[in-house]
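The residues making up each chain are set out below.
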Amino acid sequence: MSQMRRLLLAAAIISSAIFSCQPNSKPVIAASVDSTNRKWWKEAVVYQIYPRSFKDFDGDGIGDLKGIISRLDYIKSLGVDVIWLNPIYASPNADNGYDISDYENIMKEFGTMQDFDSLLHGLHQRNIKLVMDLVVNHSSNEHKWFLQSRNSRTNPYRDYYHWWNAERGKPAFRPGSFEVDGSGWRYDSLTNAYYLHYFSYKQPDLNWENPKVRQEIFRMMRFWFDKGIDGFRMDVIPFIAKDTTFPVITQKELDEKYGGAWDHYMASGPHLHDYLKEMNTEVLSKYNCMSVAEGAGVTTATAHDFVDEDRHELNMLYHFEGVSLGFVPGKFKEIEPGGIKLIAFRNLYSKWDSIFEERGWGTIYLGNHDQPRMVTRWGNDSPEWRELSSKMLTTFLLTMRATPYYYAGDELGMNNIKFNSIEEYKDIESIGMYQQIKNNGGDLREFLNDQKITARDNGRTPFQWDNSNNAGFTAGTPWIKVNPNYKTVNVAGEEKDSMSCLNYFRKLIKLRKENLVFVYGKYQLLDKDNPNVYAYTREMDGKKVIVLLNFTSKPASVNAGINIDNGRLLMDNYGKASSASTLRPYEAAVYQL
Ligand code: GLC
């Protein structure tokens, strides 16, 4: 992973320079919404569950479907509309389910198809929709298609994957995430050929250029839709199409055409949009469903091609520019000294808002299973500020014009565990990067320090239910350590506290649901040069609200240029607002004007 992740991160930064435009400064025309523009997936709040870490029912230390079923009432109590479940299909778990060996069966550790049916039923009974992960850029190397494919050069499944016969020489470089040598090709002596894998060698890339592969995938998608699921989150879907001549890509070409970024190259395959259109015609258009692309490699220049309605492809995508902000190119995932640069952060989110102003639709997130905990990365997880800064970030996510994707545990203010040694990590990415740095004689201490902030496992520690053993997550030994702060940060404790992060999240969801201005209202950035406070209005059909967010641990003044004195306070993470012109540390205040 390391090789590619570094390239991707560098790319994200370069791309933001290349494609950046100024935040919208046009005069405000209040948005309005009519029934044709309204869509359930635009109004939804999506709650992401990482099943491995949510709730273990059978005591093996691994979260499971019955565990989720046992907590459906909790999920309902949040007020969320859609659950996105990370992969639950049969998998040898090289990458925690992102290596699927059978798309139509459930991973043993997670339960059975019957459990799945009960889960879906339980969600629908509660009026909550279910979105599954669709991982079809690659399968597991233990999938029966791949087992056949590697068997012989003439096997009917041979061209379900991308092979390069060794007598042609070595194939041109392609990056392979998670691989210690950074290469996306693996030599297989059985047939004297290399196969392509953009991730680990256990995740061979499927050959979408083969119509049979596409038909198999579309059939499988229909299988899940016919069971009643409500949509798919599509894992690295921009990478599916490949130029199968696998030309040599020079650095010059990469720089000039793809902003120096392999992921932009990978997300620009020749027939990508033909395949997405075909998927739409064959599957998505037949169901009342939602579709969201993991927008790896997608920029503001290419985003519309995926999501505009007249393209007939997907509904939404989530970009990587936000979560990549501040990573230093050429390093692991180090963050710029001095923490987040609010002006850059704000310009970036304003830019992404503006590109979907007239067409398409955006998403917003600050955490997921591939990211550290939101409060550690974007707020302040010291005991003094963890709760306030976490609520401030939640306010941001739930007051922007985009569908919020909220990661389970963030509603409690869960923060990074910050492991001390590599032995504590379970993630293929961290382990691979460590090995690569070790092989290259790099600075392992620096790497481990960096991982305390950036590693994916920080977002994967068990959900904290109560202050009993292992946070009430399991009666067994958890597959990954529980954050020791579970004694104080947990659902049971927060239920009792009306000011807790948990109850604040519920109130904000209610506010968003009761006021469509938060969903569809025109966004305008205010006080553009303020280094400490992010201020914006949302406006629609005569209703106007203002959101003020102090991103620092100091009192900060704001000059919104709007008279807020007669405004009605709708939310404040301190309980009550003191002054609209000076915000307390990490204060978030929302007024109706
Ligand atoms: C996506 C997933 C990530 C996984 C990778 C390979 O980025 O979110 O968890 O490792 O794809 O499937």
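K.L.:
Please provide a residue-by-residue account of unusual backbone geometry, values included.
P.N.:
Phi is positive for Asn 93, close to 65 degrees, though the residue is something other than glycine. Take Asn 93: it is sitting in the loop between strand S3 (89-90) and strand S4 (102-106). One non-glycine residue, Asp 541, adopts positive backbone phi at about 45 degrees. You can see Asp 541 is positioned in the loop between strand S15 (533-540) and strand S16 (543-550).

K.L.:
Before we move on, can you summarise helix H16 (residues 428-439) with the specific residues and values?
P.N.:
Every α-helical turn comprises 3.6 residues, leaving residues that sit three or four positions apart pointing alike. Here H16 spans 16 Å end to end across twelve residues, near enough to the 16 Å set by a 1.5 Å rise per residue. The first or second residue beyond H16 is Gly 441, which carries a positive phi of 70 degrees.

K.L.:
Let's hear about the site of the ligand: which residues, and what values?
P.N.:
What surrounds the ligand is a group of 14 residues, the closest being Asp 95, Asp 235, Glu 294, His 369 and Asp 370. The contact in question runs from an oxygen atom of the ligand to an N or O atom on the side chain of Arg 233, over 3.0 Å. Between the ligand and Arg 456 there is a distance of 3.1 Å, counted from an oxygen atom to a side-chain nitrogen or oxygen. Protein chains shield 97% of the accessible area of the ligand, which is 310 Å² for the free molecule. For the shell around the ligand, the per-class residue count stands at four nonpolar, three polar and seven charged.

K.L.:
Any details on the environment of Asn 469? Residues and values, ideally.
P.N.:
Position of Asn 469 relative to the elements: it lies in the loop between helix H17 (444-454) and helix H18 (491-495). Placed 18 residues apart in sequence, Asn 469 and Lys 487 show a C-alpha to C-alpha distance of 9.1 Å.

K.L.:
Which residues make up the side chain of Asn 155, and what values go with them?
P.N.:
One can find Asn 155 in the loop between helix H6 (144-151) and strand S6 (163-165). With sequence-adjacent residues up to four places away left out, Asn 155 is seen in contact with Gln 148 and Ser 149.

K.L.:
So what's going on with the pattern of salt bridges? Residues and values would help.
P.N.:
One pass over the full model with this rule turns up 38 salt bridges. Note that Glu 278 is salt-bridged to Arg 214, the shortest N-O span being 2.9 Å. With Glu 278 in helix H10 (residues 272-282) and Arg 214 in helix H7 (residues 211-227), this residue pair connects regions lying 64 residues apart in the sequence.

K.L.:
Break down the sheet that holds strand S2 (residues 82-85) for me, citing the residues and quoting the values.
P.N.:
Spatially, eight strands are ordered S11-S10-S9-S5-S2-S1-S13-S12 in an open sheet, and the strand pairing comes out parallel. Both edges of this open sheet fall to strand S11 (316-318) and strand S12 (363-364), since each of them pairs with a single strand only. In terms of strand pairing, S2 meets strand S5 (residues 129-134) through four bridges, oriented parallel. Note that in S5 the partner of Val 82 across the bridge is Lys 129. Relative to strand S13 (residues 403-407), helix H15 (residues 386-398) is tilted by about 150 degrees, and along the sheet it contacts S12 and S13.

K.L.:
An account of the sheet that holds S15 is requested, with residue identities and associated values reported.
P.N.:
Within a sheet, neighbouring strands are paired by backbone hydrogen bonds and run either parallel or antiparallel to one another. Taken together, five strands build an open sheet; the order of strands is S14-S15-S16-S20-S18 and the sheet is antiparallel. Of all strands in the sheet, those with a lone pairing partner are strand S14 (522-526) and strand S18 (568-572), marking the two edges. When the angles between neighbouring strand axes are averaged without regard to direction, this sheet yields 20 degrees. In this structure, S15 lies alongside S16, joined through eight bridges in antiparallel fashion. From the neighbouring strand, Val 533 faces S16, where its bridge partner is Asn 550. Where helix H19 (residues 501-514) meets the sheet, it contacts S18 and strand S20 (588-592), and its direction lies at approximately 140 degrees from that of S18.

K.L.:
Hey, could you go over H6 for me, with residue numbers and the actual values?
P.N.:
Among the residues making up H6, those that are buried are Trp 145, Phe 146 and Ser 149. Projection of H6 onto a plane perpendicular to its axis shows the buried side chains occupying an angular sector of 90 degrees, all on one side. Looking at the buried residues of H6, the elements they touch are S4, S6, strand S8 (193-196) and H7.

K.L.:
I'd like a rundown of the nonpolar core, residues and numbers included.
P.N.:
General note: in soluble globular proteins, nonpolar side chains tend to be found buried as a group. Counting residues in each nonpolar core, the largest one holds 173 residues, and the members touching the most others are Tyr 47, Ile 75, Phe 116, Phe 396 and Tyr 534. A total of seven residues in this core trace back to one element, the largest contributor, which is H7. Core analysis: the next-biggest nonpolar cluster, separate from the first, contains 13 residues, Leu 526, Val 533, Ala 580 and Leu 583 among them.

K.L.:
Could you give an account of the environment of Val 517, naming the residues involved and the relevant values?
P.N.:
Relative to the elements of secondary structure, Val 517 occurs in helix H20 (residues 517-520). Given a relative accessible area of 3%, Val 517 falls into the buried group. Taking the C-alpha atoms as reference points, Val 517 and Gly 542, 25 residues apart in sequence, are found 9.5 Å from one another. Among residues more than four places away in sequence, those in contact with Val 517 are Arg 538, Glu 539, Met 540, Lys 543 and Val 545.

K.L.:
Go over the domain arrangement of the protein, please, and point to the residues and values.
P.N.:
Its domain assignment divides the protein into domain 1 (8-137 + 207-509), domain 2 (144-196) and domain 3 (521-592). Each partner contributes residues to the interface: domain 1 has 38 residues there, and domain 3 has 33 residues. Taken together, both faces of the contact between domain 1 and domain 3 bury some 3,000 Å²; the carbon and sulfur share is 66%. In this structure, the connection of domain 1 to domain 3 is made through one salt bridge. Counting the contacts that link domain 1 with domain 3 gives ten residue pairs in polar contact (both at pLDDT 80 or more). Put simply, the parts of the chain that give the side of domain 1 that touches domain 3 at least two residues each are helix H13 (342-355), H15 and H19. Here the element with the most residues in the side of domain 1 that touches domain 3 is H13; it accounts for eight residues.

Basis of the calculations
Residues numbered from 1 in each chain as written. Predicted model: local features only at pLDDT ≥ 70, side-chain atom pairs only at ≥ 80, totals over all residues. Heavy atoms only, no water. Helix = DSSP H or I, 4+ residues; strand = E, 2+ residues; numbered from the N terminus. Expected span 1.5 Å × (residues − 1). Near = heavy atom within 4 Å. Polar contact = N/O pair within 3.5 Å; in protein donor to acceptor, adjacent residues only side chain to side chain. Areas by Shrake-Rupley, 256 points an atom, 1.4 Å probe, with all protein chains shown as cover. Nonpolar A, V, L, I, M, F, W, Y, C, P; charged D, E, K, R; others polar. Contact = heavy atoms within 4.5 Å. Salt bridge = Lys/Arg side-chain N within 4 Å of Asp/Glu carboxyl O. Pairing = 2+ DSSP bridges. Axes fitted to C-alpha atoms, helices over the stretch in contact; angles between N-to-C directions. Buried < 20%, exposed > 50% of the residue type's maximum accessible area, 1.4 Å probe, protein only. Arc of directions from axis to C-beta. Core = buried A, V, L, I, M, F, W, Y, C linked by side-chain atoms within 4.5 Å. Domains from an automatic or database assignment. Buried area = accessible area lost by both parts, 1.4 Å probe.

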